Every structure is written in C-alpha cells, then in structure tokens.
Amino acid sequence: MTAPSATSATATGRPARGAAASGYRFCAAVVVLCALANAATGFGRSFVDRESGGWMLLAHVYLAPLLMIALTGLAVLGAGRHARTKAEGGPPALCRFAYWFVLVAGLALMLAILPAMLPFFGYSALSLMVELHEKAGIVFLVAIGLWILAGIRAGRSTRT
Amino acid sequence: MIVGSSARVASLLPVLSALLAGAMFVGAPQAFAQSGPDLLRTDSRTPFVHRLTLYDENGTAIDPSDEPVRPYSPRATCSKCHDYSIISHGLHFNANDPAMAAGRPGEPWIFVDPATGTAAPLSYRAWPGVHPPAALGLTAWQFTLHFGRHLPGGGPGQPDPVALRESKPEHRWSVSGALEIDCLTCHAASGSYDMSEAARQIERQNFRWAPTAAAGLAVVRGEARRLPDNFDPDAPPNPDRPGQQPPKVFYDAARFDADGRVFFDLVRKPPLERCYYCHTNQQVGQDAPPAWHHDGDVHIRAGMQCSDCHRNGIDHNMARGFEGDTAGHELAPALTCVGCHMDTGPSGGRFGAPIPEHYGLPPVHFERLSCTACHSGPWPEMDTPRWLTSMAHSLGTTSRTRGPHQPPAIVAPVFARSETSGKIEPHKQTWPAYWGVKSGEGVSPLPIEVVRKAAKKALPPVAAKEAERDVERAFTDEQILAMLDALAADKSVSGTPVYIRYGRLHEKLDGGLHSSEHAAAVPYRWSLAHDVRPARQALGARGCGDCHSEQGAIYFGRVVVDTPVGVAGPQPLTMVALRGDSERLARSWIFPFENRTAFKFVGFACVMILAATLWVHLAAALRAWLGRIAR
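Residues numbered from 1 in each chain as written. Chains lettered and ligands numbered in written order. Predicted model: local features only at pLDDT ≥ 70, side-chain atom pairs only at ≥ 80, totals over all residues. Heavy atoms only, no water.

(A) Summary view of the interface of chain B and chain A. Contact with chain B, which involves 35 residues of that partner, is made by 40 residues of chain A. Counting each side, the surface lost to burial between chain B and chain A is near 3400 Å², with a carbon and sulfur contribution of 75%. Broken down residue by residue, the surface that chain B buries against chain A is led by Trp-589, Phe-599 and Leu-610 of chain B, which jointly contribute 18%. Between the two partners, chain B and chain A, sit zero salt bridges. At the junction of chain B with chain A, the criterion picks out four residue pairs in polar contact (both at pLDDT 80 or more). For the side of chain B that touches chain A, the secondary structure elements donating two or more residues are α15 (364–368), α23 (583–588), α24 (590–594) and α25 (596–630) of chain B. Of all the elements, α25 of chain B adds the most residues to the side of chain B that touches chain A, at 14 residues. Here the side of chain B that touches chain A is composed, by residue class, of 20 nonpolar, eight polar and seven charged. (Contact = heavy atoms within 4.5 Å. Buried area = accessible area lost by both parts, 1.4 Å probe. Salt bridge = Lys/Arg side-chain N within 4 Å of Asp/Glu carboxyl O. Polar contact = N/O pair within 3.5 Å; in protein donor to acceptor, adjacent residues only side chain to side chain. Helix = DSSP H or I, 4+ residues; strand = E, 2+ residues; numbered from the N terminus. Nonpolar A, V, L, I, M, F, W, Y, C, P; charged D, E, K, R; others polar.)

Set out below in structure tokens:
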C-alpha cells in the first residue's frame, strides 16, 4: 500500500526527501496497516474468538503500541509540513485536513482507552471507555479512509 | 408462623386419629396435604415455642411409659401444623421426583467400592455425567442405607405407597421403616441434636428410629439389620425366636412435661452449623492449612447465615444462589452475587452489601468469568489440592481411619467453563471409575453385585488392613484384562465390558488392553461457591499477575488425573487443557501483562507528544487567525 501522506508530501510537485521524509512515510505506512489490522481484530473478535482473551484480542493488544508510536512519529515528522498551506509549499487542503483529522481521532482513540489501564476507574467507567474506544475507532477509521482518499487524489493531480 | 397448639390438637386427637389411621402409611405424604386455613398460625416474628405431643408413625400419641413404646414420627408430629406433602417436594427431598427439573449439576453421591476400583458419581437427578443409583443395582432402600447418613430423610428414604406395594421383602422397608424427613436435621437450634447418631441408626437399618435417637429423646437399643426380611414389627413377640426383637426405645422421661409434651428447641432459619453437617469441605494433603487457619466465608464473618441467601418458603424450594437458577422462586434472581452486590435493581445493596467498583479491571472479565472465579474457594495453588466432603467422605461421622487419600478423589478449585453460563468458574471435580458395558456409543455401569462377583474370580482379595482404610486400588493391565474376561463370561452382562478410570475407557481389543478417550470418562464437575473471600483476597487484588503470569493457577494450575493403572501416565493436566483452550495463547498473554507498566509509559508518552504537537500547531493557527482578524 502506498503511504498516503508520503504521496501528499509530493503534492507540490517536489517529492519529499531525506531521513525525515522516509521516517514519515514509514510511520504513515505503519499507521494505515495497524489501523486496519486493529479494526479487524477489534471489531471482528466478537465474531471469531471463543476463548477468554483470544488470539484476536491478543493481536489487537500487540499492535496497539505500534499504532501509538507510529501515530506519534507521524505527528512529529509531518506536523510542520501540514501546517503550511499549499501556497506556502504545503500539501493540498484536503490532505492537510485529513492529516489533522487522523491525529485528532487517533488522540481520542488513545485517550478513550489508556486511562482504563490505571486503577482509578470502576466497572461503569471502564465499560463507557470501551464503548467510547469503539466509537473513536470508527471515527479513526473514517479519518484514515479520508486520508487515503486525499493521498490518492493528490497523487493523481501530481501525475496529471 | 404456623404453630401447633398441643392442647387443641390433643382435643382433636380422636377425630384426627380416625382420619389419619387409614391414611397414615409409611411414605404417604399425600395423606397430609392439608389446606392452609386449617393450620394454626401465630403470624409473629417471635419464634413459636414448640412444646409438642409426640406421635408415632400411625398417628398415635406417645406415652413414654407405654411398653413397648414406638419411636416418634416427625411426619406425624410436625405435620399437625406444617404441610408435610408440600415440604416433601422441596430441594432437599425431591431428587427422585421425576417431575422435578434436574437443575444445574451439583455434588453427586459417589458410590465407592475400593475392592473393585469403583467410584461412580450417582444421582437421582438427570445431571450429565452421573448415573441413576439403579444403574449400579442400588434399590431406593439400599441407597438410603448407604447414603442415609447424610440424607435429611424423605426422597428415596420414603418411597411412595405404590413403590412400597411393589417392593419385595428383601428391600426390607417393613423391617427398617421409612426414613422420614427429619425436620430437626436443619431446624434444631439446640446443639444436642446428633446427626451422627442418626447415621449410626441408619447403619443399623433403624430408619424409623433414627429421628428419635438423633434428637436425644430416647436411647434406641437393638438393630433392625439383625431381623429377617419377613419380620413383622407389628406382630407379637415370637416365643420360638425370643432374640427376634425390633429395636427398643427408652424415652428420657425428663424430656416430657406433666402433660406428656416435649419441648423442641427449633428455629425457622437453620443455623449454619446444621448446614455444615452435610456441606462441609475439608482441604487435605501436605499443603493443606490446619482448620484453625481458615477465616471462613466473608458473609458468615459478617454475621450472615447460609439461609440468608439460600432461602425458601414452606415449599422448601431453596434458592441455590446462582445466576439463572430457574428451579427456585421469584426471589431467586435477587439472592445471587449480582442480586445483592450490583446496583441492578431494588435488591442491590441488601444486607449492606458493598457495590464493588472493580477499579481498573477490564469489563471483559465480567463477560468471561463468574464472580466465584476470583472470589470463591481457597486461593488457587499451582497443584490443585484434594478435598474431603461430607457427602463423599462421611464428614461429621466419627472415624479413626479417614485420611487424605480416602477415595473418592475430589480436587478443587478446577477452573472450568460452566455448562449453563459458559463462564469460567471454580469447580470441584472427580474422575469417574466404574466397570460398565459399552453398547453403541454409550457406556452404562454394571450392577455392583455383578462386578463384585467377577472381582472374586479375577482380582486378588483385598487385604483386611487395606479394606479398613478404604484405600483406592490401582490395577495392573493384567488385572483389568482378567476382570474384563470375567465380566464377559457372565451371562447377565450384555455388551462389551469396559472399565472407566483416569479419564479413559479401557477395553479388551485383539487380546490386549486398549485405552481411549470417551465421553463417559470425562471428569464430573460441580460449581464451588464457598468460602467467599473478601475483595482484598480476590484474584487480581495483587495485580494482573495473579492470573496472567506463569504462576497463574487459573490457567496453568495442575490437576492430577489420580494415579496410573498401567495404561495411562500420571501426567497432570493444566486448567487450560482441561477447558480445551490453547495453552500457547494463554502463555502469549503473559508478555503484555509482564510489560504492562512499560506499555503504560509508552502510551502516555505518545499521548503527551501527540497532544503537545496538536496544541503547538493549534495555538499557532489560532494566533495567525487572530492576527488576520486584527489586521
């Protein structure tokens, strides 16, 4: 899969170069792959897993740190570029919107579940967090979809 | 409260006697189906003082100075005010009533015969994995003789009139009498009621005398087991056989007042000491803590009684206390862990039950585990210990030879999935062992007398010392083959003889002993709910590692499959293997839990960096936007 933000970085016609760009592309690829895999293991486990904490949940738990780190890398390495308008040498507006949307949705996704690991919340709060995490997951998926779409569109416009 | 005024009853005695004379027949509970309005009541919370005239099983008032004098009948005495026919359908008495639903599997009666290597779980209830006593050739009378030591009476101990008419003299009901429901088994408040005395009387086949002796109303001398099958207890003494006397009753005259009434110290709610007679569990083995180390159930410590949760009305249809109990009454769903401890309805918080928050415990635990998984039984160790129980090992009766290795082997806690809820629960478990016949896919046990006959030919005699200590026997392959041959030679055996033991089916194939897995050989389990440990001693209170680690007994605890018989190795099974789950998966979960702290640090660091990045750029965008507005 093409990392969409890597494509978006070429929207101005000047392909991004250097270690930072490579890192950004790598993070983007990991974010997309982990997001899709975590969506499958998160939403799909109720249909597949029979055992308590089955393979799907295990995969979800193992992939979650990867997604968190990659998303953070994406923010650190891409924020500067995506803060610029197209006129200032930044990517197109849809790409920039999708990028920030992905970061905000990702943050919400993490914030919805990370506090559940602390011994401060009871059953009701934890159930609510799980529910919010699921909903945030849907929003994050939409953001990822939009980001991919924006990347594809930016790539096409660059080619033409 | 329903009461009996002995004075009024005494005045009605001639009428009652006439009415009851024809109807009072051993095992005729229908005769006492009284309608509510006829019963005396106080309707007060103050306990009624039970100063009662005693009646024998024929409904005749007992005068202790009569010679000979008969034992008192709880049925005839208590049913003056309490509807015996309704009570006799209660949970503790209805096992052999085919109209009753079997309900969730509970503790079976385990028929143990060390000489033949038999330890077969039995029940009149149709629980999967148990056999009806008749399958082992046990009549209701034999069952009562064998297990009556821990029966409160009624049920198989009191056959209905049809069964009695059809019973043969060798069933000895006419000699022993019926084992009526003895109300004092549960409702005696005084510590002088002696269930072990009842057990001794039952062993002597003195069924109808047992309640009198247990209550301490009289001393009973003599043994019905010494009387012939055709003995008529109502016939006058036989001068040709002066030794053939029914047991004699010597009432304690001091227990009778001037009007011939006896004070019964009774309570409506059974005290827990009475429950313990039949429901004691004792961990045994090298690592078993001594009795004085036990804290007991947290509810009991808080001042509750068993009967606070296991409640019933006059029908004695007791709430069993688990979620989904359909056999009980409308209050049953409220008398569960969830009913009291979760804020789910008006019953939540009763008795001051705390509503647990379970801080930091992911909700998936509540979907996959019962409350008892973390809170009940002893703290689970890696080697699952053996237990003795009242029903299986006659706890409560005196013994000098009872030891930790006395069969049947019962281990606990075994964390298996509940058949009803699908959640992981702690269980007690026993491996069935019996000689049977295979027909098609099914296996049914052989009558124990057939097995004993074959064992006389095929097995070496049991040493007297071994028999006395009730030691479980381990057979060699040759001995099993010899037994299978002896059973095959028996004309009364139709089908292929097999031996079920150690989780496998053993049969003779091509001249050799072949063992295989079989549904009939799987262990029988029943839920364990007590003693309940307090929250700070629950699994998980010390962290995720209580379960999600190499020392997590709920996953990797070992369960011994008894001892080998030559064909099966003594390989202990882990809990995950017993559940049929993946051990690799369970072990894969250990890593994320061992590194949970690191995960939290990384996670929150990512959140902070991400949030900071968003904040910096949001602030910059805001500044630029405000600047544009200002310009």
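(B) Quick look at the confidence of the model for chain B. Residue and element names in this part refer to chain B. Model confidence for chain B is summarised by a mean pLDDT of 86, while 91% of its residues fall at 70 or above. Every residue in residues 1–35 is under pLDDT 50, and counting partners more than four places away or in other chains gives 78 contacts. Note that residues 564–569 has pLDDT below 50 and, in this model, 18 contacts with residues that lie over four places away or in other chains. Confidence metrics for the complex model read pTM 0.83 and ipTM 0.85. (pLDDT = per-residue confidence, 0-100.)

(C) Structural context of the sheet that holds strand β10 (residues 386–389) of chain B. Residue and element names in this part refer to chain B. Taking strand neighbours across the sheet as the criterion, the five strands line up as β9-β10-β11-β12-β18 in an open arrangement whose pairing is antiparallel. Looking along the sheet, the strands with just one partner apiece sit at the ends: β9 (281–284) and β18 (524–527). Here the average twist between neighbouring strands, direction ignored, is 45°. With six bridges connecting them, strand β11 (residues 410–417) and strand β12 (residues 424–430) associate as antiparallel partners. Bridge pairing in β12 links Ala-416 to Glu-425. (Pairing = 2+ DSSP bridges. Axes fitted to C-alpha atoms, helices over the stretch in contact; angles between N-to-C directions.)

(D) A look at the sheet that holds strand β15 (residues 496–501) of chain B. All names here are of chain B. Judged by pairing direction, the sheet is antiparallel, and its five strands sit side by side in the order β14-β13-β15-β16-β17 without closing on themselves. Here the strands that pair on one side only, and so sit at the sheet edges, are β14 (442–445) and β17 (512–516). Strand-to-strand twist in this sheet, taken as the mean axis angle between neighbours without regard to direction, amounts to 35°. In terms of strand pairing, strand β13 (residues 434–439) meets β14 through four bridges, oriented antiparallel. Bridging across to β14, Val-437 finds its partner in Ser-444.

(E) Quick peek at the packing of helix α3 (residues 55–82) of chain A against helix α4 (residues 93–113) of chain A. All names here are of chain A. Contact geometry for α3 and α4: axes closest at 11 Å, N-to-C directions at 145°. Here the hand of the crossing between α3 and α4 comes out left-handed. Taking contact as the criterion, the partners of Leu-67, Met-68, Leu-71, Leu-74, Ala-75, Gly-78, Ala-79 and His-82 in α3 are, on α4, Cys-95, Arg-96, Tyr-99, Trp-100, Val-102, Leu-103, Gly-106, Leu-107, Leu-109 and Met-110. Across the contact of α3 with α4, the residue classes tally to 14 nonpolar, three polar and one charged. (Left-handed = near helix turned anticlockwise from the far one by under 90°.)

(F) Broad picture of the pattern of salt bridges. All names here are of chain B. Scanning all chains against the criterion turns up 26 salt bridges over all chains. The salt bridge partner of Arg-226 is Glu-223, with a shortest N-O separation of 3.3 Å. Looking at Glu-223, the relative accessible area reads 18%, which means it is buried. In this structure, Asp-581 and Arg-417 form a salt bridge, with 3.1 Å as the shortest nitrogen-oxygen distance. (Buried < 20%, exposed > 50% of the residue type's maximum accessible area, 1.4 Å probe, protein only.)

(G) Examining the confidence of the model for chain A more closely. Taken residue by residue, chain A gives an average pLDDT of 81. The fraction at 70 or more is 82%. Mean pLDDT values over the elements of chain A span from 45, in helix α1 (residues 4–8) of chain A, up to 91, in α4 of chain A.

(H) View of the nonpolar core. With 87 residues, the main nonpolar core has Leu-54, Tyr-251, Phe-264, Trp-435 and Met-483 of chain B as its most contacted residues. Formed by 40 residues, the second largest nonpolar core is a distinct cluster that contains Cys-27, Ala-79, Leu-109 and Met-110 of chain A. (Core = buried A, V, L, I, M, F, W, Y, C linked by side-chain atoms within 4.5 Å.)

(I) Just the environment of Ser-174 of chain B, in detail. Mapped onto the fold, Ser-174 of chain B is located in helix α7 (residues 173–176). Leave out the neighbours within four places in its chain, and Ser-174 of chain B touches Arg-208, Asp-229, Phe-231 and Pro-233 of chain B.

(J) Representation of α3 of chain A in the model. With 28 residues, α3 of chain A extends 37 Å between its outermost C-alpha atoms, agreeing within 8% with the 40 Å of an ideal straight helix rising 1.5 Å per residue. Along α3 of chain A, the largest kink reaches about 35° and is centred on Val-76 of chain A. (Expected span 1.5 Å × (residues − 1). Bend = angle between axes of the 7 residues up to and from the residue.)

(K) Main features of the packing of aromatic side chains. What the rule picks out here adds up to 19 aromatic pairs over all chains. Relative to Phe-591 of chain B, the ring of Tyr-62 of chain A lies with its centre 6.0 Å away and its plane at 15°, an arrangement referred to as stacked. On the criterion of chain membership, the pair formed by Tyr-62 of chain A in helix α3 and Phe-591 of chain B in helix α24 is interchain, its members lying in two chains. By relative accessible area, Tyr-62 of chain A is classed as partly exposed at 36%. (Phe/Tyr/Trp six-rings, centres within 6.5 Å; stacked < 30°, edge-to-face > 60°.)

(L) Looking closely at the environment of Gly-321 of chain B. Of note, Gly-321 of chain B is situated in the loop between α13 (306–309) and α14 (337–341). Ignoring sequence-local partners within four residues, the contact set of Gly-321 of chain B consists of His-310, Leu-335 and Thr-336 of chain B.

(M) Quick look at the packing of helix α18 (residues 448–458) of chain B against helix α20 (residues 477–489) of chain B. Residues and elements named next belong to chain B. In contact at an axis separation of 9 Å, α18 and α20 are set at 125° when each is read in the N-to-C sense. It follows that α18 is oblique to α20 by the angle criterion. Here α18 and α20 pass one another in a crossing that is right-handed. Between α18 and α20, the residues in contact are Val-450, Val-451, Ala-454, Ala-455 and Ala-458 and Ala-482, Met-483, Ala-486 and Leu-487, respectively. Each residue belonging to the contact of α18 with α20 can be placed in one class, and the counts come to nine nonpolar, no polar and no charged. (Parallel < 35°, antiparallel > 145°, perpendicular 65-115°, else oblique.)

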